[in-house]
Amino acid sequence: MKKLLAVLVLFVCSSQLYALESEFSRDVNVTPLGDKVAVFTDGRVKSFETFTRSYMPFISGSKTIDGQTISFTYLDMMFRPDHYINKDIIYVKHKGLRAAIIGVVDKENKSDISSNERMEQFMETGLVSREVLQLPNVLKLLDSLRHDVRRFATPVETIKSAIIASDPRSLWGSLQIIPPVNGSFDQPWATLSDQTDTQVLKSWETMTRAWQNEDAETVNKEILLLSVLLPNLGASTNIYPTATKLKLESLYFKLQNLTWIWLFYLMSIVLLLMAFVYRFKRVGKFGISLFAFAVLLHTVAVAWRWYVSGRYPNTNMFEAITTAAWMGVLFGLLMEYLVRKTAMKYLFSLGAAVTAMVALLAVRLYPLELNPQVSNKMPVLHDIWLYIHVNFIIFSYCLIFVAAVCATIYLLRRGIQKLKHQDGKEDYARAGGVASLVEVRFGKNNETTSALRNNLGSVLDGGTMILVELSFILLWSGIVMGAIWADHSWGRPWGWDPKEVFALNTFLIFVVLIHTRMKVKDKGLWTALLALIGCAVMLFNWVIINFTISGLHSYA
């Protein structure tokens, strides 16, 4: 009975303590620092909000600690490191590694840091305390797993980097918020340790003491003061970003990079699919309007990132995927205008909407793999041929995915026909891709034109072929431009890099598709199947090759 009472008292006390801590984190407003103060990191100047969002994933991944904002957690770990002793803050992504760590933790250890309940929670969330990772058995395990280069070397190094990053000294050393006195872009920024401005130091020390005493009112007062004093240090030079740019950069990341636009694409997909299959005009108009609105938001997102980064957004995987999807939806709108009086109406906007939805969902659900943080472009990438090469390649990849969407709908229709014992071998565009579009749009009412206008299978096959033909040309052009750039940059046009090889493999599959279509009888079926295979090889190149095999293209 006494033990039970003791447990209840401990639970109540800890709950009150947690409530107090949560109240302090809610009362502190770090927004003025996040929106007005700049930090120099990774070769570029970021807003404090953006900096913490790029730094904290090295410690806790995409997880939040106790529901706190990322900026608050960064400062709290620096000012009150004792508060994070025995707290689960280190994120271990690899589930196999989680299981291995749990397996060596002493189950008889009655300390709270390695209780069965916390280990179960660790397995579920991936968050674990530094103290668990520094247990002798766990350290021994991690050292042994480092030698397994293929499976565990990178995850183990990530854990060790996270422990170092969570150290208050690392947090302090990374907070380079003092611009060079001479305003030179070549000079590094400094931490407050090197600052001589007594007003700034006094305000920072006051905020630190208030933070440690959980005096939210004083903390907020000093944060407001620092948000004025720190930018003034660079007021006499052009090196400090404008308040507008810092605020827009912070807002961009607070709005989660606008990746939630996928919801509008999803709604438009439902309406466009109904309009395409059943020819509901009113539903189609509403679907096109919703799709156009999503495209407008997507354009704002790309332009916003362009302004924040100061360059065209195609440097990393996040930017390549979102920009490629943006190109695809612009193409979908253009094609929708061109085919507005044909049976292909709604098809291209439908395929583009599906592609954009998948792309935005991918970057939203996998923020660690597809890092949304803005980074500088490598010097070797500053070449006009590179801009042409990359944009041609990613646009062709997007059209390949749109073609796969059309091919999938075609195969579903053929499957339904088979269940009804109908023959769909004649469901294909007689004139091919672009030629069939020209016939339907401008041709006379002959037998071929009439069939394409009235047969859903022919429409789907014609749409697939249009996309295949365009992506074929773009992919070929992109590979050639890439070879020219490689010759300029590395002194040879081709190096058999994994990404080069699989881009070529994708191109060869479409070469096979075009020649196969000339020979086989069931042209629509083989076109759809090979379009899906080409898409699979393209995705393998972009996903598997990019993340598991290092090469000259590992930067993007």
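Please refer to the structure higher up on the page.
Caption draft 1: A look at the packing of helix α22 (residues 456-490) against helix α24 (residues 523-548). For the pair α22 and α24, interaxial distance at closest approach is 10 Å and the crossing angle is 45°. One element, α22, and the other, α24, form an angle in the oblique class. When you trace α22 past α24, the crossing you get is left-handed. Residue-level inspection shows D461, T464, M465 and V468 of α22 in contact with α24, the latter providing K523, G524, T527 and A531.

Caption draft 2: The arrangement of helix α13 (residues 216-232) in detail. Taking 1.5 Å of rise per residue, the 17 residues of α13 would be expected to cover 24 Å, and the 25 Å separating its terminal C-alpha atoms lies within 8% of that figure. For α13, the full list of buried residues reads A216, V219, N220, E222, I223, L226, S227, L229, L230 and P231.

Caption draft 3: The arrangement of the nonpolar core in detail. Counting residues in hydrophobic clusters, the biggest one holds 85 residues, and the most contacted among them are Y265 and W542. Among the elements that make up this core, the one with the highest residue count is helix α19 (residues 384-419) (18 residues). Sequence-distant contacts of Y265, defined by excluding residues within four places in its chain, comprise F291, A294, V295, H298, V329, A353, A356, M357 and L360.

Caption draft 4: Up close: the pattern of salt bridges. What the rule picks out here adds up to 16 salt bridges. As a salt-bridge pair, E49 and R53 come within 2.6 Å of each other at their nearest N and O atoms. Taken as a pair, E49 and R53 lie in helix α3 (residues 48-55) at a separation of 4 residues, close to a single helical turn. Between D522 and R414 there is a salt bridge whose closest N-O contact spans 2.7 Å. Here D522 is found in the loop between α23 (498-519) and α24, whereas its partner R414 is found in helix α19, with 108 residues between them in sequence. Across the pair, R414 and D522 agree in class, each one buried. Each of D76, R80 and E214 takes part in salt bridges that share partners, so that together they form one network.

Caption draft 5: Seen up close, unusual backbone geometry. Phi at D42 is positive, roughly 55°, even though this residue is not glycine. Residue D42 is classed as exposed on the basis of its relative accessible area of 62%. Phi at Q256 takes a positive value of approximately 60°, unusual for a residue other than glycine. If you trace the backbone, Q256 turns up in the loop between α14 (243-254) and α15 (262-278).

Caption draft 6: Broad picture of the packing of aromatic side chains. Inspection of the entire model under this criterion finds 26 aromatic pairs. With a centroid separation of 5.8 Å and an interplanar angle of 45°, the aromatic rings of F51 and Y55 are classed as tilted. A residue pair is termed a helical-turn pair when its members lie 3 or 4 positions apart in one helix, as F51 and Y55 do in helix α3 at 4 residues. Taking the relative accessible area as the measure of exposure, Y55 reaches 11% and is therefore buried. Positioned over the ring face of Y307 is K245, at 5.7 Å from the centre of the ring. Over the ring of Y337 we find R340; its NZ or CZ atom is 4.1 Å from the centre of that ring.

Caption draft 7: A look at the pairing of strand β1 (residues 38-41). Here β1 runs beside strand β2 (residues 44-47); their pairing, made up of 4 bridges, is antiparallel. Bridging from a neighbouring strand, A38 pairs with S47 of β2. Where β1 folds back onto β2 in an antiparallel hairpin, the turn is made up of 2 residues, including D42, whose phi is positive at roughly 55°.

Reading guide: rules and limits
Residues numbered from 1 in each chain as written. Predicted model: local features only at pLDDT ≥ 70, side-chain atom pairs only at ≥ 80, totals over all residues. Heavy atoms only, no water. Axes fitted to C-alpha atoms, helices over the stretch in contact; angles between N-to-C directions. Helix = DSSP H or I, 4+ residues; strand = E, 2+ residues; numbered from the N terminus. Parallel < 35°, antiparallel > 145°, perpendicular 65-115°, else oblique. Left-handed = near helix turned anticlockwise from the far one by under 90°. Contact = heavy atoms within 4.5 Å. Expected span 1.5 Å × (residues − 1). Buried < 20%, exposed > 50% of the residue type's maximum accessible area, 1.4 Å probe, protein only. Core = buried A, V, L, I, M, F, W, Y, C linked by side-chain atoms within 4.5 Å. Salt bridge = Lys/Arg side-chain N within 4 Å of Asp/Glu carboxyl O. Phe/Tyr/Trp six-rings, centres within 6.5 Å; stacked < 30°, edge-to-face > 60°. Lys NZ or Arg CZ within 6 Å of the ring centre and 35° of its normal. Pairing = 2+ DSSP bridges.

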